[in-house]
Amino acid sequence: MCKRSSSFWSHVEMGPPDAILGITEAYKKDADSSKVNLGVGAYRDDNGKPYVLSCVRDDSQVIANGSNATVQGISGTGSLRIGAAFLNSFFPGNKVVYLPVPSWGNHTPIFKHAGLDVKSYRFYDPKTCGFDFRGAMEDISKIPEKSIILLHACAHNPTGVDPNLQQWVEMSALIKKKNLFPFLDMAYQGFASGDINKDAAAVRMFVKDGHEIALAQSFAKNMGLYGERAGTFTVITKSKDEAAKVLSQIKILIRPMYSNPPLHGARIVNEILSDKELTAEWLKEVKGMADRIISVRTKLRDNLKKEGSSRNWQHITDQIGMFCFTGMTPEHVERLTKEFHIYLTKDGRISMAGVTSKNVEYLAHAMHQVTK
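Quick summary incoming for the structure in this document. (Residues numbered from 1 in each chain as written. Predicted model: local features only at pLDDT ≥ 70, side-chain atom pairs only at ≥ 80, totals over all residues. Heavy atoms only, no water.)

**Some thoughts on the overall build of the protein**
Piece 1. Within the protein one finds 14 helices and 13 strands.
Piece 2. Evaluated residue by residue, the protein yields a buried proportion of 49% over its 372 residues.
Piece 3. Entry remark: accessible area of the protein is about 18,500 Å², with carbon and sulfur atoms responsible for 53%. (Helix = DSSP H or I, 4+ residues; strand = E, 2+ residues; numbered from the N terminus. Buried < 20%, exposed > 50% of the residue type's maximum accessible area, 1.4 Å probe, protein only. Areas by Shrake-Rupley, 256 points an atom, 1.4 Å probe, with all protein chains shown as cover.)

And the structure:
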């Protein structure tokens, strides 16, 4: 009998470490008592611990009419992947997704893995650490008709920069004029303002304006279900009949991917949203989590000022949601990690959930030392 000289998979090379999960691994190995992890985008309380909610609707005309095709996805990531597969199979226009610059690091591989091409439009202005509205509108106006545009519904990841309500109005009008297909990603509903209705304003506006949107939602952060992978993918259609056809095709796509999603997290979500008292308790806790994030933003900015920093750190409190795009360079980040045992992504993004009342002064001191 002949023996194989090598494995079928001997040619497979080690893949690069995940940019964010690799930070956590480095953090775990660090023995320094002052270490701080600002990498992962999962909520933590003021003691830096995962927060278990004690409690653990969209009543729009769309749902009343049955013109939405909605399926449970494996959190936000899985819901995006379902959407990407559906668009690649059935979208009648250009199989190109336009992402804001920057965007969540996983967006590009998700869409490419499904067979879609990926291009970009301007979004973040590094000079102001804010939204480049003029640049975004110019680029969107040049996107070919019947293309797909990805929008962060609220609490943009990684920048924490969102369009204001009037800017959303103008973007919606332009996207409709250009006949583009909006795919909205809503992973942080409630974390932007503390109000889930306010944070859903862009989604509801686009539906009201007559867009047939796709929507990926995650309940990982706002319900403290990060390990339960609870999410949904929705396509808004013109009719109940059309929705039924779309749903049938989405189910066919899901079958060979993972067949059925886990039940536990979805049942928790359903239980909370089906009970008025639990819903009220959940909304209170979501606001509490958002308010803590808002408060540490203010503390970080104030402590940087106290350190004597001459830089303008206003964007720390202007930005919203779980993340802050600090404006620090890869060189600054390298010094933070090597000299102060503070871990964050190389682009200077901080997960504000990792900032607490106990480490905010240390963080401000370190940031000042590397940026002065």
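After that view of the structure, there is still more to cover.
**Quick word on the nonpolar core**
Piece 1. Within the largest apolar cluster, 75 residues are counted, with the highest numbers of intra-cluster contacts made by Ile140, Leu151, Leu300, Ile342 and Ile350.
Piece 2. With 7 residues, helix α11 (residues 276–306) is the single largest residue contributor to this core.
Piece 3. Every residue in contact with Leu300, bar those within four places of it in the chain, is listed here: Ile316, Met352, Val360, Leu363, Ala364 and Met367.
Piece 4. Of all hydrophobic cores here, the second largest spans 30 residues; its members include Leu80, Val97, Ala243 and Leu253. (Core = buried A, V, L, I, M, F, W, Y, C linked by side-chain atoms within 4.5 Å. Contact = heavy atoms within 4.5 Å.)

**Overview of α11**
Given 3.6 residues per turn, any residue in an α-helix points the same way as the ones three and four places further on.
Piece 1. End to end, α11 covers 45 Å across 31 residues, agreeing with the expected 45 Å (1.5 Å per residue, within 8%).
Piece 2. Where α11 begins, the capping side chain belongs to Asp275, and its oxygen is found 2.9 Å from the backbone nitrogen of Glu277.
Piece 3. Gly308 sits one or two positions beyond α11 and adopts a positive phi of about 95°. (Expected span 1.5 Å × (residues − 1). Polar contact = N/O pair within 3.5 Å; in protein donor to acceptor, adjacent residues only side chain to side chain.)

**A look at the pattern of salt bridges**
In a structure, side chains of opposite charge can pair up when their charged atoms sit close to one another.
Piece 1. Under the criterion given, the structure shown has 8 salt bridges.
Piece 2. Of the charged contacts, one joins Glu138 and Arg122 as a salt bridge, the two residues approaching to 2.9 Å between their closest N and O atoms. Here Glu138, found in helix α5 (residues 133–141), pairs with Arg122, found in strand β4 (residues 117–122); they are 16 residues apart in sequence, far enough to count as distant.
Piece 3. Residue class for Glu138 comes out partly exposed when judged on its relative accessible area of 35%.
Piece 4. What makes Arg122 partly exposed here is its relative accessible area of 34%.
Piece 5. Between Arg122 and Asp139 there is a salt bridge, and its shortest N-O distance comes to 3.0 Å. With Arg122 in strand β4 and Asp139 in helix α5, this pair connects stretches of sequence that are 17 residues apart.
Piece 6. Bridged by salt links that share partners, the residues Arg122, Glu138 and Asp139 form one connected network. (Salt bridge = Lys/Arg side-chain N within 4 Å of Asp/Glu carboxyl O.)

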